[in-house]
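Chain by chain, the residues:
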Amino acid sequence: MTGKLRNSRVFSMRPVVGSVIATGLVLLGGQSGAAAGPDQGAQLAATCASCHRLDGGGTGISSIIGLGEERLTSALLAYRASESPNHIMHAIALSLSDEEIASVARYVAAQGSNQP
Ligand code: HEC
């Protein structure tokens, strides 16, 4: 009796979990769709700026200004593949598509070229 109850509770949770994941995917998909275009890099970089200052200043978290497009791209790909052990950056890189990594790297690298 209790076994059955427990089972039915587990089963009734599943659609909820599934739809939460599905909603997340739809939101991510919708976001990258809306961000596609020349502003995509800038919009993505705004999310990096909450931790990495984009003016090249230090905050304790290393600056990503001046790293260059290739270094940024390979760092993000490594974080996404978990080759670089940083949980924060792994989570962030996981949410980025190849295209988004390319555009944020291009944008951030261009910020670096404006620095003296
Ligand atoms: C929640 C905070 C946070 C956000 C948001 C964040 N990062 Fe990071 N990032 C970190 C931390 C922490 C490290 C590792 C700290 C260190 O190495 O000093 C790191 C490291 C990096 C590195 C490696 C730097 C190096 O010198 O090797 C790169 C590249 C990087 N982040 C790029 C990005 C980009 C691009 C974004 C936006 C898409 C971003 N980060 C968003 C916290 C964050």
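Residues numbered from 1 in each chain as written. Predicted model: local features only at pLDDT ≥ 70, side-chain atom pairs only at ≥ 80, totals over all residues. Heavy atoms only, no water.

A. Layout of the overall build of the chain. Scanning the chain for helices and strands turns up five helices and zero strands. Taken from N to C terminus, the helices and strands of the chain fall in the order α-α-α-α-α. Looking at the chain residue by residue over its 116 residues, the buried ones come to 21%. Counting every atom, the chain has about 7900 Å² of accessible surface; 61% of that belongs to carbon and sulfur. (Helix = DSSP H or I, 4+ residues; strand = E, 2+ residues; numbered from the N terminus. Buried < 20%, exposed > 50% of the residue type's maximum accessible area, 1.4 Å probe, protein only. Areas by Shrake-Rupley, 256 points an atom, 1.4 Å probe, with all protein chains shown as cover.)

B. Structural context of the site of the ligand. As a structural note, the neighbourhood of the ligand is formed by 19 residues, with Cys48, Cys51, His52, Arg71 and Met89 the closest of them. At 2.8 Å from an oxygen atom of the ligand is found a side-chain nitrogen or oxygen belonging to Arg71. Per element, the largest residue contribution to the shell around the ligand is five residues, and it comes from helix α3 (residues 69-80). Each residue belonging to the shell around the ligand can be placed in one class, and the counts come to 13 nonpolar, five polar and one charged. (Near = heavy atom within 4 Å. Polar contact = N/O pair within 3.5 Å; in protein donor to acceptor, adjacent residues only side chain to side chain. Nonpolar A, V, L, I, M, F, W, Y, C, P; charged D, E, K, R; others polar.)

C. Expanded view of the environment of Thr47. Within the secondary structure, Thr47 sits in helix α2 (residues 40-48). Sequence separation of Thr47 and Ile92 is 45 residues, and the distance between their C-alpha atoms is 9.4 Å.

D. Main features of the coordination of the iron atom of the ligand. Every protein donor of the iron atom of the ligand is listed here as His52 (NE2) and Met89 (SD), and their distances to the metal cover 1.9 to 2.2 Å. Relative accessible area serves as the criterion here: at 14%, Met89 is assigned to the buried category. (Donors = N, O, S within 2.8 Å, 3.2 Å for Na, K, Ca; no water.)

E. Layout of the nonpolar core. In terms of nonpolar packing, the biggest core is built from 14 residues, with Ile64, Leu72, Leu76, Val104 and Val108 touching the most fellow members. Secondary-structure elements contributing two or more residues to this core are α2, α3 and α5 (98-113). Examining the composition of this core, we find that five residues originate from one element, α5, more than from any other. (Core = buried A, V, L, I, M, F, W, Y, C linked by side-chain atoms within 4.5 Å.)

F. The arrangement of the confidence of the model for the chain in detail. Taken residue by residue, the chain gives an average pLDDT of 76. The fraction at 70 or more is 61%. Within the chain, α3 carries the highest mean pLDDT (96), whereas helix α1 (residues 2-35) carries the lowest (49). For the stretch residues 16-35, pLDDT sits under 50, and the model shows five contacts to residues farther than four places along the chain or on other chains. (pLDDT = per-residue confidence, 0-100. Contact = heavy atoms within 4.5 Å.)

G. Local environment of the pattern of salt bridges. Counted according to the given criterion, the structure contains one salt bridge. Salt-bridge contacts for Asp98 lead to Arg80; the nearest nitrogen and oxygen are separated by 2.5 Å. You can see Asp98 sitting in helix α5 and its partner Arg80 sitting in helix α3, a full 18 residues away along the chain. By relative accessible area, which is 25% here, Arg80 ends up partly exposed. (Salt bridge = Lys/Arg side-chain N within 4 Å of Asp/Glu carboxyl O.)

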